[in-house]
Each structure stands twice: as structure tokens, then as C-alpha cells.
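# Observations on chain architecture
Each chain, written out:
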Amino acid sequence: MPLDAATIAELGAYLENAQLEARAVPQISIAHASADMDDGYAVQWEIRRRKVARGARIVGMKAGVTSRAKMRQVGIDTPSYGFLADSYAALDGGEIEARSLIHPRVEPEFAFVLKRGVEGPGCHVGTVLAATDFVMPALEIIDSRYRDFKFDLASVVADNSSSARFVLGGRCRAADDLDLASSGLVMEKNGEAVAFGAGAAVLGHPAAAVALIANLLARRGERLHAGDIVLTGGVTEATPVKAGDHIRLRVQDLGSVSIRFV
Ligand code: OOG
Ligand code: MG
């Protein structure tokens, strides 16, 4: 049986407060063992509703767990989505206060910026490329609100797929000028290369992750919109960071993006 409306509201407040107070909490499936992925999305949309009601603007979406490296790292093999609020954006070359987060990790990603809306079902790589304005390199900073960064599918979806911050940088390039599947990338932590990969690690092509989000959104009668930023998911496993760490991502043909934790 799906979670009832009162429970969804309560869990939305529980997880959003954990985020705002940078405090780790038990995952929701401990108290609600029957919660499934759809319950998770119901809670995620409740968190989104709470933020929008307080004036947040949703600037786009992110895909979660779209590469084998990420699937292995978190022990989940079902991709998911989350939303990006305006306050999650950090500046390229800027700083993020580590103490505003619980146990942050950084992921190398691609960002698509759409010039047209994209609507599922039946959305595919071609639909996405035709609707894309440009692509940029991105760092996503994830921060599970759950203890020890441990969760199941329903719990992580409820927790907005661990969304915390994101950084766009480098160069904006038209997607059809690039061979994104073979586009190589290197992520450095404090000058040392810690993760390597190529676009194909993300569902064969990063645009497939945008299509996946559109198709999942269609199940709720929602869509991607013109102007949305869409992060396509970690190409490699996520790297833990703490105050003092500097992360730089270099992506073939797209330049670099960096952030420092203070
Ligand atoms: C879930 C979010 C995953 C990605 O890029 O795969 C994600 C997590 O690992 O906490 O953002
Ligand atoms: Mg990510």
C-alpha cells in the first residue's frame, strides 16, 4: 500500500530539515519498510513543494546512478532523478562551506541545457540532442542525508537523490559538435587524478540520462522545460571531500570546472 498523504508530508519535513541542519538521519525505509520507489518520488516532490512555497526556483534536474561505477558504489542498479534548486548552484572557481554539508562527495558529470521542453514517454537520445541548447562540464556535490551514506532505492529517491550543490563551468558547446560518448574526462583532487572516464559510461551516452528523466517524469505527468539544466549523473564513483580540498574536472573539448571546500 502506498504511503498516505500525512506520512509523505511528515517524511518531506524530516528529510528537508536534515538537509537544512546538515544532520544525518536514519533512512526512511527503517520506519517504513514497505516504501517503494513511487513513495520515494512522492516524498521528493513534497520536499520540492516545500522549497518552492518558500520562494526557491527549480533550475533543472539531475540523474542519479546512471553509470556502473555509481551502481557499484551505492549498491543500487536503478537510475533515478532529483531536482536542482537555485540555491544549490556554486560558482566555478568558487568555494563551498564544508560545514553546510554532512559528508559531501563530488562527481564528474555533464550538464545539458535545454532550448526546448522534453516530454516522455518514448523520449530517446535523438529527442534530447534536438532539444539541447548546449553542453557544459559539471561537478555535482552529493550529500546523502542518511547515516553513513547508506540507503536503498526508495530512501535515496525520497532524499532527492542526495542533491546538494552543483557547479557548471568550462565551455558551452553544441551537443552535435561533440562526440560525447567518447569524450574523456579526468577529475583531480588537490592536484592528483582521482577519477577517469568517458561519456559512454553514462548509459552509453549522457543524453540517454536526460531521456531517462523525461520518461520517468512522464509517469507523474511532468516534463523537462526549456532552459532546464540537466545533470546526467556521475561518470565515475563519487569522491569524498572535506574542508581544504580542491577539485578540478577537465573534460575533452569542454574545458574545466573547479571548486574549493572551505
Ligand atoms: C545517489 C545520487 C547519485 C549520481 O550522479 O549518480 C548521483 C547517491 O549516490 O547518493 O547523483
Ligand atoms: Mg550526481
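Described below are features of the structure shown in this document. (Residues numbered from 1 in each chain as written. Chains lettered and ligands numbered in written order. Predicted model: local features only at pLDDT ≥ 70, side-chain atom pairs only at ≥ 80, totals over all residues. Heavy atoms only, no water.)

## Some words on the overall build of the chain
- The secondary structure content of the chain amounts to seven helices and 13 strands.
- Computed over C-alpha atoms, the radius of gyration of the chain comes to 17 Å, within 12% of the 18 Å expected from 2.2 N^0.38 for 262 residues, which places it in the range of a compact globule.
- Every one of the 262 residues in the chain was classed for burial, and the buried ones make up 56%.
- Across the chain, the fraction of contacts at a sequence separation of at least 24, relative to all contacts at a separation of at least 6, is 76%.
- Surface summary for the chain: the accessible area is close to 10700 Å², and the carbon and sulfur share equals 50%.
- For the chain, the separation between the mean place of its 29 positive charges and that of its 32 negative charges on side chains is 2 Å. (Helix = DSSP H or I, 4+ residues; strand = E, 2+ residues; numbered from the N terminus. Rg over C-alpha atoms; globule rule 2.2 N^0.38 Å. Buried < 20%, exposed > 50% of the residue type's maximum accessible area, 1.4 Å probe, protein only. Contact = heavy atoms within 4.5 Å. Areas by Shrake-Rupley, 256 points an atom, 1.4 Å probe, with all protein chains shown as cover. Lys, Arg positive; Asp, Glu negative; His and termini not counted. Charge placed at Lys NZ, Arg CZ, Asp CG, Glu CD.)

## Topic: the sheet that holds strand β8 (residues 184-189)
- Judged by pairing direction, the sheet is mixed, and its five strands sit side by side in the order β4-β13-β12-β8-β9 without closing on themselves. Bordering the open sheet on either side are β4 (94-96) and β9 (192-198), each of which pairs with just one other strand. Sheet twist, expressed as the average angle between the axes of neighbouring strands with direction ignored, equals 20°. (Pairing = 2+ DSSP bridges. Axes fitted to C-alpha atoms, helices over the stretch in contact; angles between N-to-C directions.)

## Description of the site of ligand 1
- As a matter of local geometry, ligand 1 sits amid 17 residues, with Lys62, Val65, Lys70, Ser162 and Gly234 nearest to it.
- Within the side chain of Glu107, an N or O atom sits 2.9 Å from an oxygen atom of ligand 1.
- For ligand 1, an oxygen atom lies 2.9 Å from a polar atom in the side chain of Glu109.
- Counting atoms within 2 Å of the grid points, the majority share of ligand 1 lands in the largest cavity.
- Elements with a contribution of two residues or more to the shell around ligand 1: β1 (58-64), α4 (68-74), β5 (105-114) and β6 (132-142).
- Considering every element that reaches the shell around ligand 1, the biggest residue donor is β1, with three residues. (Near = heavy atom within 4 Å. Polar contact = N/O pair within 3.5 Å; in protein donor to acceptor, adjacent residues only side chain to side chain. 1 Å grid on protein atoms, 1.4 Å probe; cavity = no way out; pocket = protein on both sides within 12 Å on 5 of 7 lines; lining within 4 Å. Sits in = over half its atoms within 2 Å of the grid points.)

## Overview of the pairing of strand β7 (residues 163-168)
- Where burial is concerned, most of β7 is hidden: five out of the six residues are buried.
- Looking at chain direction, strand β3 (residues 89-90) and β7 are connected through two bridges and run parallel. Residue Ala89 lies in a different strand from β7, and its bridge partner there is Phe166.
- Both β6 and β7 contribute to a ladder of five bridges, which runs antiparallel. For Leu139, the partnering residue across the bridge sits in β7 and is Val167.

## Looking at the packing of aromatic side chains
- Counted by the stated rule, this structure contains three aromatic pairs.
- Between Phe83 and Tyr88 the ring centres are 6.4 Å apart and the planes differ by 25°, which places this aromatic pair in the stacked class. Of the two residues, Phe83 and Tyr88, neither departs from the other in class, the shared state being buried.
- Over the aromatic face of Phe149 sits the side chain of Arg105, whose NZ or CZ is 3.8 Å from the ring centroid. (Phe/Tyr/Trp six-rings, centres within 6.5 Å; stacked < 30°, edge-to-face > 60°. Lys NZ or Arg CZ within 6 Å of the ring centre and 35° of its normal.)

## Here's the deal with unusual backbone geometry
- Going from Gly120 to Pro121, the amide bond is cis rather than trans, its omega being 0°.
- The topology assignment puts Pro121 in the loop between β5 and α5 (125-131).
- The phi dihedral of Phe149 is positive, around 60°, even though this residue is not glycine.
- Examined against the element boundaries, Phe149 turns out to sit in the loop between β6 and α6 (153-158).
- Phe149 sits in the buried class, given a relative accessible area of 8%.
- The phi dihedral of Asn160 falls on the positive side, at around 55°, and the residue is not glycine.
- With respect to the helices and strands, the residue Asn160 is situated in the loop between α6 and β7.
- The buried category is assigned to Asn160, whose relative accessible area is 3%.

## Quick look at the layout of surface pockets
- For the largest pocket, the calculated volume is near 220 Å³.
- Taken together, 15 residues make up the lining of the largest pocket; nearest its centre are Gln19, Leu20, Lys51, Tyr88 and Arg165.
- If you list the elements that add at least two residues to the lining of the largest pocket, you get α1 (5-20) and β7.
- Tallied by class, the residues present in the lining of the largest pocket amount to seven nonpolar, three polar and five charged. (Points joined across faces, edges and corners; volume = space filled by probe spheres on them. Nonpolar A, V, L, I, M, F, W, Y, C, P; charged D, E, K, R; others polar.)

## Looking at the pairing of β6
- For β6, the buried fraction is high: nine of the 11 residues fall into the buried class.
- Bridge count for β5 against β6 is 10 bridges, and the pairing is antiparallel. From the neighbouring strand, Ala111 faces β6, where its bridge partner is Met136.

Scope: geometric values only; no functional claims are made or implied.
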